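Spelled out, the chains give:
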Amino acid sequence: MNLNSGTFRIVYEETKFAFGKLLILYITIPILLLWLTIGYFFNLGDEVIAAISGPTYFFILLYAINGFKTIFPVAIGMGSTRINLLKTFYAVGLASVLIVTFVLNLLQLILVTFYERWNVGAHILHPGTFLHREYTFLSYYVMDFMVGILLFSFAFLFYTIYYRLGFKKTVIWLTVLMIIGTLIHYSGLIDFSFWEWLVAQDLSDSVIFSFVIIISLITLFITYPIMRNAPLTAKSKRD
């Protein structure tokens, strides 16, 4: 087994266990069966909201932080380089978000289909409702994928900063940035009319999707220079 295939196998096995077994098999499918059972045996009104996507978002956050934390010392100990591990983690992570959100939407399609057949009035809780009032598989899948990539990228960036700086310095820098942002906002030094204009625009779904994906990928790749020469152990909480 060469270096590349060995690193990929380590990352793949961790990812398959986290998403394939824990998330889909042990959590999401049982929740789906629960909502199907409730919808069939109980009279659900229009105010009831059924949701099965919450655990997926949580696991994407958890994988971005705890997944790399678990894999890092094992992969390095088996001879992998940091650069190779990062590239593999990026590729497998992005592919996992793509696949797991697709599976999630297949399960949501099952839930919606049965609810419509049984005339169940419950709504499906999903971020896609902010763009489309009525359910469509493609729009909801795109929204899940977009949110998943955003969560994965920003969570991993936060973890890498915490890893390199430690708890104390991370908290200090976050506090400093929050204070600077608050002062800038209330002092009027920067004109926020651009953001008001952006929010007021009736942007198409494709524009929003492209914008979020680009920001997410830029955020993710910022972690590369942070971690490519990272030490094997993170900074202690006192650092």
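This is a predicted model, so every value here is computed, not measured.

With that out of the way, let us pick up the pattern of salt bridges. Summed over the entire model, instances satisfying the criterion amount to 2 salt bridges. A salt bridge links Arg9 to Glu13; the shortest N-O distance between them is 2.9 Å. Taken together, the residues Arg9 and Glu13, both in helix α1 (residues 3-41) and 4 residues apart, mark about one turn of the helix. The exposure class assigned to Arg9 is partly exposed, which follows from its relative accessible area of 47%. Given a relative accessible area of 30%, Glu13 falls into the partly exposed group.

Residues other than glycine seldom take positive phi values, yet Asn119 does so here, at roughly 60°. Structurally, the position occupied by Asn119 is in the loop between α3 (82-117) and β2 (123-124). By relative accessible area, Asn119 is classed as exposed at 70%.

What follows deals with the packing of helix α2 (residues 54-77) against helix α4 (residues 137-165). Packed helix pairs are characterised by how far apart their axes lie and by the angle those axes make with each other. Running from N to C, α2 and α4 cross one another at 40°; their axes reach a closest spacing of 8 Å. Judged on the interaxial angle alone, α4 and α2 are oblique. Here α2 and α4 pass one another in a crossing that is right-handed. Side by side, α2 and α4 meet where Tyr57, Ile60, Leu61, Tyr63, Ala64, Ile65, Phe68, Lys69 and Phe72 of the first sit next to Asp144, Val147, Gly148, Leu151, Phe152, Ala155, Phe156, Tyr159 and Tyr163 of the second. Residues of the contact of α2 with α4, tallied by class, amount to 15 nonpolar, 1 polar and 2 charged.

Calculation criteria
- Residue numbering note: each chain is counted from 1, following its sequence as written.
- Side-chain atom pairs in this predicted model are given and counted only at pLDDT of 80 or more, local residue features only at pLDDT of at least 70, and totals for whole chains, interfaces and linings cover all residues.
- Side-chain numbers here rest on the full set of heavy atoms in the structure, without hydrogens or water.
- Put simply, a salt bridge is a Lys or Arg side-chain nitrogen that is within 4 Å of an Asp or Glu carboxyl oxygen.
- Where helices and strands are cited, they refer to DSSP runs of H or I of at least four residues and of E of at least two residues respectively, numbered from the N terminus.
- Buried residues are those whose accessible area, probed at 1.4 Å on protein chains only, stays under 20% of the maximum for their type, while exposed residues exceed 50% and partly exposed ones sit between those limits.
- All axes are obtained by fitting lines to C-alpha atoms, using only the stretch in contact for helices, and the reported angles, taken between N-to-C directions, cover 0 to 180 degrees.
- If an angle is under 35 degrees, it is roughly parallel; if it is over 145, roughly antiparallel; if it lies from 65 to 115, roughly perpendicular; otherwise it is oblique.
- In a left-handed crossing the near helix is turned counterclockwise from the far helix by less than a right angle, and in a right-handed crossing that turn is clockwise.
- Residues are treated as being in contact if the distance between any of their heavy atoms lies within 4.5 Å.
- Here the nonpolar group is Ala, Val, Leu, Ile, Met, Phe, Trp, Tyr, Cys and Pro; Asp, Glu, Lys and Arg are the charged ones; every other residue, Gly included, is treated as polar.

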